[in-house]
Amino acid sequence: QVQLVESGGGLVQAGGSLRLSCAASGSISSINSMAWYRQPPGKQRELVAVIRSGGETNYADSVKGRFTISRDNAKNTLNLQMNSLKPEDTAVYLCYAGGYGMYYWGKGTLVTVSS
């Protein structure tokens, strides 16, 4: 089992920055990839960024050049640096971890970007 707890969400003006963190605990060694998803109000969940065990990263086109995903293995933490935020980035951001056929979700943290 893996437990994921997100933090760092909040209210920010358009053009501002936020840094999200996801603390992982439990069977950390079973994790292969980690990712951030988001679910805007009334919309489906979508992938924001993923980082694999070898360090390879991929981003949704909508956040490329603005968001950076990183993983601190020493601290068992996944981070998402979000710059140049836009109102359309408003969503609940969820942490995901997967490996060996298992996957886990955090409960999410709300990011609200005002115009």
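Look a little higher up for the structure.
Attention here is on the structure that accompanies the text. Position numbers for residues start from 1 in each chain and track the written sequence from start to end. Selection of residues for local features in this predicted model requires a pLDDT of at least 70, selection of side-chain atom pairs for listing and counting requires 80 or more, and totals for whole chains, interfaces and linings are taken over all residues. The basis for the side-chain values is all heavy atoms of the structure; hydrogens and waters are excluded.

## Quick word on the packing of aromatic side chains
For Phe, Tyr and Trp, where Trp contributes only its six-membered ring, two rings pair if their centres lie within 6.5 Å, and the inter-plane angle classes them as stacked under 30 degrees, edge-to-face over 60, or tilted in between. Applying the stated criterion across every chain yields a total of three aromatic pairs. Their ring planes at 65° and their centres at 5.2 Å tell us that Tyr-96 and Trp-105 sit as a pair that is edge-to-face. We classify Trp-105 as partly exposed; its relative accessible area is 34%. Ring-pair connections join several aromatic residues into one group, and the members of that group are Tyr-37, Tyr-96 and Trp-105. For a ring to carry a charge above it, either NZ of a lysine or CZ of an arginine must fall within 6 Å of the ring centroid while also lying within 35 degrees of the normal to the ring plane. A cation over an aromatic ring shows up here: Arg-45 above the ring of Trp-105, its NZ or CZ 4.5 Å from the ring centre. Exposed residues in this analysis have more than 50% of their type's maximum accessible area, buried residues have under 20%, and partly exposed residues fall in between, with area computed by a 1.4 Å probe over protein chains only.

## A word on the pattern of salt bridges
Note on definitions: salt bridges are taken to be side-chain nitrogens of Lys or Arg within 4 Å of carboxyl oxygens of Asp or Glu. Across all of its chains, the model carries five salt bridges by this definition. For Arg-52, the salt bridge identified is with Glu-56, shortest N-O distance 3.9 Å. The exposure class of Arg-52 is partly exposed, given its relative accessible area of 35%. Asp-89 is the partner of Arg-66 in a salt bridge, and the nearest nitrogen-oxygen pair spans 2.8 Å. In this pair, Arg-66 is assigned in the loop between strand 6 (57-59) and strand 7 (67-72) and Asp-89 in the loop between strand 8 (77-82) and strand 9 (91-99), connecting sequence segments 23 residues apart. Given the relative accessible area of 10%, Arg-66 is considered buried. Each of Arg-38, Glu-46, Arg-66 and Asp-89 takes part in one network of salt bridges that share partners. Secondary structure elements follow DSSP: runs of H or I of four or more residues count as helices, runs of E of two or more count as strands, with numbering from the N terminus.

## A closer look at the state of the cysteines
By disulfide we mean two sulfur atoms from cysteines, separated by a distance within 2.5 Å. Counted according to the given criterion, the structure contains one disulfide. Through a disulfide, Cys-22 is tied to Cys-95; the S-S separation comes to 2.1 Å. A torsion of -80° about the S-S bond marks the disulfide between Cys-22 and Cys-95 as left-handed. Within this pair, whereas Cys-22 is found in strand 3 (residues 18-26), its partner Cys-95 is found in strand 9, the two being separated by 73 residues in sequence. In terms of burial, Cys-22 and Cys-95 fall into one category: buried.

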